[in-house]
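# Per-entry structural report
Here is what each chain is made of, one letter per residue.
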Amino acid sequence: FVCDNDFEANTQDFVNQRYYKPYYVISAAGRLERRNVPVPRFTIWQKAKLWLGQHSEAWNMIRGRRSQLPWLNDRLDLLQVATSIPPSGPEVPLTAALIVAMRDLTRGLGAEFVMFNTGHRNERTELLQQVRPLLRRQGIRLLGLEGSLGEARDRRPTGPWDFPNDAHWNVAAHELAARITFNFLQ
């Protein structure tokens, strides 16, 4: 499954204001290169800021503020656990390259590979539309669930498709996605 927030997260070394992770770049030769390995460890101050972010609404309210004054924003940034590196390149080609690499790994293990997108409510589908032609040229099978789930939401707007205040699927959306996926794989 690919979700719209994967595109940006694929370019980052620090995500969700919570953790460092490896990431990839596309080299000048067109190969995927892994970076940020070993993953950095938190300092004692970062651990304290992480704990505060997980336990204090007041802390989160203050650190989430932005100002017209650049010097004040610099001070507020000190309250963050860490900041992510700027993206090293366009997120769509990088995501496509990662999906192709997963397909190649899957084939090497003797299995078929299919890419799905989640079709979450308010998903940024333009990213998915941009990556699809790149993947089709590589022969990757795709199933986009945004159309089917969008139609179901239109037919039954009060249906239990998503959790309140959360775009993740609820029971009905899981059941619909499972039926669509089963039929596609058959």
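Definitions and cut-offs
- Residues numbered from 1 in each chain as written.
- Predicted model: local features only at pLDDT ≥ 70, side-chain atom pairs only at ≥ 80, totals over all residues.
- Heavy atoms only, no water.
- Helix = DSSP H or I, 4+ residues; strand = E, 2+ residues; numbered from the N terminus.
- Contact = heavy atoms within 4.5 Å.
- Areas by Shrake-Rupley, 256 points an atom, 1.4 Å probe, with all protein chains shown as cover.
- Buried < 20%, exposed > 50% of the residue type's maximum accessible area, 1.4 Å probe, protein only.
- Axes fitted to C-alpha atoms, helices over the stretch in contact; angles between N-to-C directions.
- Parallel < 35°, antiparallel > 145°, perpendicular 65-115°, else oblique.
- Left-handed = near helix turned anticlockwise from the far one by under 90°.
- Nonpolar A, V, L, I, M, F, W, Y, C, P; charged D, E, K, R; others polar.
- Core = buried A, V, L, I, M, F, W, Y, C linked by side-chain atoms within 4.5 Å.
- Expected span 1.5 Å × (residues − 1).
- Bend = angle between axes of the 7 residues up to and from the residue.
- Phe/Tyr/Trp six-rings, centres within 6.5 Å; stacked < 30°, edge-to-face > 60°.

Moving on: the overall build of the chain. Scanning the chain from terminus to terminus reveals eight helices and six strands. Listed by position from the N terminus, the elements making up the chain come as α-β-β-β-β-α-α-α-α-β-α-β-α-α. On the principal axes, the C-alpha backbone points of the chain span a range of 55 × 50 × 30 Å. In the chain, 59% of the contacts between residues at least 6 apart in sequence involve partners at least 24 apart. Within the structure as shown, the chain displays about 12,100 Å² of accessible surface, and the carbon and sulfur contribution to it stands at 55%.

The topology assignment puts Pro93 in helix α5 (residues 91-108). For Pro93, a relative accessible area of 36% corresponds to the partly exposed category. Sequence separation between Pro93 and Ile26 is 67 residues; the distance between their C-alpha atoms is 8.6 Å. The contact partners of Pro93, leaving out residues within four places of it in the chain, are Ile26 and Leu134.

So, on to the packing of α5 against helix α6 (residues 125-137). For the pair α5 and α6, interaxial distance at closest approach is 9 Å and the crossing angle is 50°. Our classification of the angle between α5 and α6 gives oblique. Between α5 and α6 lies a crossing whose hand is right-handed. Taken together, the residues of α6 that come into contact with α5 (itself represented by Glu91, Val92, Pro93, Ala96, Ile99 and Val100) are Leu127, Gln130, Val131, Leu134 and Leu135. Here the contact of α5 with α6 is composed, by residue class, of nine nonpolar, one polar and one charged.

So, on to the nonpolar core. Residues Val2, Phe7, Ile99, Met115, Val131, Leu135 and Ile140 are the most contacted members of the largest nonpolar core, which totals 14 residues. Mapped by element, the contributors of at least two residues to this core are α5 and α6. Apart from residues lying up to four places away in sequence, Ile99 is in contact with Val2, Phe113, Met115, Leu135 and Ile140. Counting residues in hydrophobic clusters, the runner-up holds 13 residues, among them Val114, Phe116, Trp161 and Ala172.

The next subject is unusual backbone geometry. Between Val37 and the following residue, Pro38, the backbone shows a cis peptide bond with an omega angle of 0°. Position of Pro38 relative to the elements: it lies in the loop between β4 (32-35) and α2 (44-55). Even without a glycine there, the phi angle at Asn36 is positive, about 65°. Among the secondary structure elements, Asn36 is positioned in the loop between β4 and α2. Despite not being glycine, Asn165 has its phi angle at roughly 60°, a positive value. Examined against the element boundaries, Asn165 turns out to sit in the loop between α7 (146-155) and α8 (171-185).

Moving on, we get to α6. In an α-helix, one turn spans 3.6 residues, which is why side chains three or four residues apart end up on the same side. Between its first and last C-alpha atoms α6 spans 19 Å; for 13 residues at 1.5 Å apiece the expected length is 18 Å, and the two agree. The sharpest bend along α6 comes to roughly 25°, located at Val131, with the proline Pro133 sitting one to four residues further on. Buried residues along α6 sit in contact with α1 (4-9), α5, β5 (114-117), β6 (141-144) and α7. Remark: Gly139 follows α6 within two positions and exhibits a positive phi of approximately 75°.

Another aspect to go through is the packing of aromatic side chains. Enumeration over the complete set of coordinates arrives at six aromatic pairs. With centroids separated by 6.0 Å and ring planes inclined at 80°, the aromatic side chains of Phe1 and Trp169 adopt a geometry described as edge-to-face. Placement of the pair is Phe1 in the segment before α1 and Trp169 in the loop between α7 and α8, with a sequence separation of 168 residues. When its relative accessible area of 57% is taken as the criterion, Phe1 is described as exposed. Residues Phe116 and Phe184 carry aromatic rings whose centres are separated by 6.2 Å and whose planes lie at 70° to one another, so their mutual orientation is edge-to-face.

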